[in-house]
Amino acid sequence: MKPARSLVLSLVAALAATLGAVWVALPAFAAGPTASFVKTAEWGSGWEGKYTVTNGGSSTINGWSLAFELPSGTTLGSYWDALLTSAGQRHTFTNRSWNGTIAPGASVSFGFLASGSGSPSGCQLNGAACGGGTPPTTPPPTTPPPTTPPPTDPPTGDLPKHLLTGYWHNFDNPAVELRLRDVPAEYDLVAVAFAEATATPGALTFGIDPGLATALGGYTDADFTADVRALHSRGKRVILSVGGETGRVTVNNAASATAFADTAAALIARYGFDGIDIDLENGLNPTYMAQALRALRAKVGASLIIAMAPQTIDMQNPAGGYFKLALDIKDILTVVNTQFYNSGAMLGCDQNAAYGQGTVNFIVALACIQLEAGLRPDQVGLGLPAGPGAAGGGIVAPSVVNAALDCLARGTNCGSFRPPRTYPGIRGAMTWSVNWDVSNGNGFARTVAPHLDTLP
């Protein structure tokens, strides 16, 4: 929604040769860099793996490269927090710009999905054996055993592998007004817009908007709560969105983080929400918002859905506040539905051109930034307007959304920009909004939702 800003995706430097020579010369008993492996989850046709690189030496590591082999019949899929090059069954992961420096005693991790039953072997870290041998393929005894996900897909909780998210208006405007129970069946996840700020920094409040209640001929908090239960009975999930264009919720210290977590938990308990959506378009503090969200999850439990809806400009650089928040809470984050609209032309992950909004190139090239800079594919959704009236710019036909999904998931239906790899786990799409979609004949949901079911 703001003018374009250049993305700086820095290339990490290789580990200095002299430092490598020091490691080779160390006695066998000396501490140094090591890497350990665990399968964090397994299902019938594949598994999720995690490598942890630990600096056991006394000098800072300024770049790392880890290589291993997979047996024939086992293939790599999506990966995160590292860059990958492959030659046959030999795969080499190198650090990203933000996790290449490892202080003495510190660790960094990266992960990936694999198909097949095999495990890594021949692990080498910066050219030397990972800890002196092949790393274990199961968690150590002190690590709780991983839960078993569904037979064929990575774990996604009770949400679909590919989902359609839509925002529901808790206000009246030119779009059609709807009771929550009248949200079309195509939507898997409904974000209620919006929770509002109170006089206490960080604290949230929510209630049915009087204007909406009047427009609907009477609609109460009790009616709304009953509608949340009705959507649950249909297998849908409902989350509370915080912010919006005029939202002024501020979490910038420990006290406001606590107030956010406490009031959000109370609203979740009162209305039956399944999670929270962060849609703060006026900036946020990643440190304290992460603290607030972790505290909220501790109160609500592991089933808490955490979504985000940043503007396009907010996801241009991993060092920016919104992007940093997403990376900092990646272990508990459900999905980031970036608003690929109201932004003008912007640079994509290739840094070669400013792509115009409202095109397949724009959507794919900007989503590629997130996919190549740390987020897992299952955490990336494509946010687009639901037709005329929904946005000031970047409105596309639903078929363009489907083409962008195909390009990212399969490498088909791309424009002139093609991403460096495919992301079959891409999470899905979001639209602003359900109300505008209904106003425009439900074209977005009826086109995109069935297409999501065809993705790998």
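> Requested: an account of the side chain of R376, with residues and values cited.
Within the secondary structure, R376 is located in the loop between α7 (360–372) and β21 (380–385). Of the polar contacts made by the side chain of R376, one reaches the side chain of D378; its length is 2.9 Å. Those residues in contact with R376 that lie beyond four places of it in its chain are W80, K330, L333 and L371.

> Give me the lowdown on the pairing of strand β16 (residues 275–280), citing residues and values where you can.
On a regular strand, each side chain points to the face opposite its neighbour's, so the side chains alternate between the two faces of the sheet. β16 sits mainly inside the fold: six of its six residues count as buried. Burial along β16 is two-sided: the residues G275, D277 and D279 and I276, I278 and L280 are all buried. In terms of strand pairing, β16 meets strand β17 (residues 305–308) through four bridges, oriented parallel. Along β17, the bridge assignment pairs I276 with I306. Assessed by its sense of winding, the connection that carries the chain from β16 through helix α5 (residues 286–300) to β17 is right-handed.

> Describe the sheet that holds strand β4 (residues 65–69), and please don't skip the residues or the numbers.
Strands belonging to one sheet form pairs held by backbone hydrogen bonds; the direction of such a pair is parallel or antiparallel. With antiparallel pairing, the five strands of this open sheet are ordered in space as β6-β7-β4-β10-β11. Each having just a single partner strand, β6 (83–87) and β11 (128–129) make up the two edges of the open sheet. Here strand β10 (residues 121–125) pairs with β11 via two bridges, running antiparallel. Across the sheet, the residue bridging to Q124 is A129, located in β11.

> So what about the nonpolar core? Which residues, and what values?
W168, L180, F224, F260, I276 and I278 are the most contacted members of the largest nonpolar core, which totals 116 residues. When residues in this core are grouped by element, the largest group, 10 residues, is from α7. Excluding residues within four positions of it along the chain, I278 makes contact with V242, F260, L284, M289, L293, A307, M308, A309 and Y322. One finds F68, A82, F112 and L125 within the second-largest nonpolar core, a separate group that totals 23 residues.

> For unusual backbone geometry, give the residues involved together with the corresponding values.
The linkage connecting A193 with the following residue, F194, adopts the cis geometry, with an omega of 10 degrees. Tracing the sequence through the fold places F194 in strand β13 (residues 189–197). Cis geometry is adopted by the peptide bond preceding S433, which originates at W432 and carries an omega value of 5 degrees. Phi at N126 takes a positive value of approximately 50 degrees, unusual for a residue other than glycine. Inspection of the secondary structure puts N126 in the loop between β10 and β11. Classification of N126 by relative accessible area gives partly exposed; the value is 21%.

> Break down the state of the cysteines for me, citing the residues and quoting the values.
Per the stated rule, a full pass over the model turns up three disulfides. Put simply, C349 and C368 are joined by a disulfide, and their sulfur atoms are 2.0 Å apart. A torsion of 80 degrees about the S-S bond marks the disulfide between C349 and C368 as right-handed. Residue C349 is found in the loop between β19 (346–347) and β20 (354–355), and its partner C368 is found in helix α7; the two are separated by 19 residues along the sequence. By relative accessible area, C349 is classed as buried at 17%. The residue that forms a disulfide with C407 is C414, at a sulfur-sulfur distance of 2.0 Å. Because the sign of the S-S torsion sets the handedness, a value of about 100 degrees for the bond joining C407 and C414 places this disulfide among the right-handed ones. C414 matches C407 in its accessibility class, with the two residues each being buried. The connectivity of the disulfides in the chain is 1-2, 3-4, 5-6, where the numbers refer to bonded cysteines in sequence order.

> Can you lay out the pattern of salt bridges for me, pointing to particular residues and giving the numbers?
The full count for this structure, using the stated rule, is 10 salt bridges. Here D221 makes a salt bridge to R270, at a shortest N to O gap of 3.2 Å. Of this pair, D221 sits in helix α3 (residues 221–233) while R270 sits in helix α4 (residues 254–271), placing them 49 residues apart in sequence.

> Hey, could you go over the packing of aromatic side chains for me, with residue numbers and the actual values?
If you walk through the whole model with that rule in mind, you get 23 aromatic pairs. For the ring pair F37 and F112, a centre distance of 6.2 Å and an interplane angle of 15 degrees mean the geometry is stacked. Here F37, found in strand β1 (residues 33–43), pairs with F112, found in strand β9 (residues 107–115); they are 75 residues apart in sequence, far enough to count as distant. Residue classification places F37 among the buried residues on the basis of a relative accessible area of 1%. Taken together, a centroid distance of 5.4 Å and an interplanar angle of 50 degrees make the contact between F206 and F224 tilted. In this pair, F206 is assigned in the loop between β14 (204–205) and α2 (210–215) and F224 in helix α3, connecting sequence segments 18 residues apart. Assigned by exposure class, F206 and F224 land together as buried. Grouped by ring-pair contacts, the aromatic residues F37, Y51, W64, F68, F93, F110 and F112 constitute a single cluster.

> Explain the confidence of the model for the chain residue by residue, including any values.
Across the chain, the average pLDDT comes to 85, with 86% of residues at 70 or higher. Counted against residues more than four places away or in other chains, residues 1–30, with its pLDDT under 50, gives 46 contacts. Here residues 133–145 scores under 50 on pLDDT; set against residues more than four positions off or in separate chains, the count is 20 contacts.

> An account of the environment of T200 is requested, with residue identities and associated values reported.
Counting through the fold element by element, T200 comes out in the loop between β13 and β14. Residue T200 is classed as partly exposed on the basis of its relative accessible area of 45%. Taking the C-alpha atoms as reference points, T200 and S256, 56 residues apart in sequence, are found 7.8 Å from one another.

> An account of the pairing of strand β22 (residues 428–432) is requested, with residue identities and associated values reported.
In terms of burial, β22 is a largely internal element, five of the five residues being buried. Across four bridges, the pairing between strand β12 (residues 163–169) and β22 is parallel. Among the inter-strand pairings, L164 is bridged to a residue of β22, identified as A429. In this structure, β21 lies alongside β22, joined through five bridges in parallel fashion. From the neighbouring strand, G383 faces β22, where its bridge partner is M430. Once the chain exits β21 it traverses helix α8 (residues 398–410) before rejoining the sheet at β22, and the crossover so formed is right-handed.

Calculation rules
- Residues numbered from 1 in each chain as written.
- Predicted model: local features only at pLDDT ≥ 70, side-chain atom pairs only at ≥ 80, totals over all residues.
- Heavy atoms only, no water.
- Helix = DSSP H or I, 4+ residues; strand = E, 2+ residues; numbered from the N terminus.
- Polar contact = N/O pair within 3.5 Å; in protein donor to acceptor, adjacent residues only side chain to side chain.
- Contact = heavy atoms within 4.5 Å.
- Buried < 20%, exposed > 50% of the residue type's maximum accessible area, 1.4 Å probe, protein only.
- Pairing = 2+ DSSP bridges.
- Right-handed = clockwise from strand over helix to strand, strands pointing away.
- Core = buried A, V, L, I, M, F, W, Y, C linked by side-chain atoms within 4.5 Å.
- Disulfide = S-S within 2.5 Å.
- Salt bridge = Lys/Arg side-chain N within 4 Å of Asp/Glu carboxyl O.
- Phe/Tyr/Trp six-rings, centres within 6.5 Å; stacked < 30°, edge-to-face > 60°.
- pLDDT = per-residue confidence, 0-100.

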